[in-house]
Amino acid sequence: MDDRRIRLAVEFINDYLAEDISLIEPAEEAAMSAFNFARAFKAATGQSPLQYVIGARIDLAKLLLRTMRLSLSLIALHIGYNDVSRFGQHFRTRVGVTPAAFRAH
């Protein structure tokens, strides 16, 4: 990414994945309005800020599923999901299998 402001926002998102991240916080980190941030972020990354957050959370979940024996609910909480079923939906949409099936392989 060429835009330093977007890099700062990505770093912020990655640092706070387990938190409830709204559009406002990374936009403030980038010193942009939420509207302009969302447009600039999508132009720079090819995805919306929300889709980036979901993807980063799922990537972290895959790592945790491979390396730790935590329950799915603890993994969900660790990566920022308060709702295990929502985590499962996002995981299956992105990966093509459930978290449990991913762990079993």
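Presented here is an overview of the structure given in this document. (Residues numbered from 1 in each chain as written. Predicted model: local features only at pLDDT ≥ 70, side-chain atom pairs only at ≥ 80, totals over all residues. Heavy atoms only, no water.)

Some thoughts on helix α6 (residues 84-95)
In this model α6 runs 16 Å from its N-terminal to its C-terminal C-alpha over 12 residues, within 8% of the 16 Å that 1.5 Å per residue would give. Restricting attention to buried positions, one finds in α6 the residues F87, G88, H90 and F91. Along its buried surface, α6 packs onto α4 (49-67), α5 (72-78) and α7 (99-104). The first or second residue beyond α6 is G96, which carries a positive phi of 95°. (Helix = DSSP H or I, 4+ residues; strand = E, 2+ residues; numbered from the N terminus. Expected span 1.5 Å × (residues − 1). Buried < 20%, exposed > 50% of the residue type's maximum accessible area, 1.4 Å probe, protein only. Contact = heavy atoms within 4.5 Å.)

Section: the layout of surface pockets
Size it by volume and the largest pocket reaches roughly 280 Å³. Lining of the largest pocket is provided by 17 residues; of these, D20, I21, L50, V53 and R57 occupy positions nearest its centre. Those elements that provide at least two residues to the lining of the largest pocket are α4 and α6. Considering every element that reaches the lining of the largest pocket, the biggest residue donor is α4, with 5 residues. Its residues assigned to classes, the lining of the largest pocket shows 9 nonpolar, 4 polar and 4 charged. (1 Å grid on protein atoms, 1.4 Å probe; cavity = no way out; pocket = protein on both sides within 12 Å on 5 of 7 lines; lining within 4 Å. Points joined across faces, edges and corners; volume = space filled by probe spheres on them. Nonpolar A, V, L, I, M, F, W, Y, C, P; charged D, E, K, R; others polar.)

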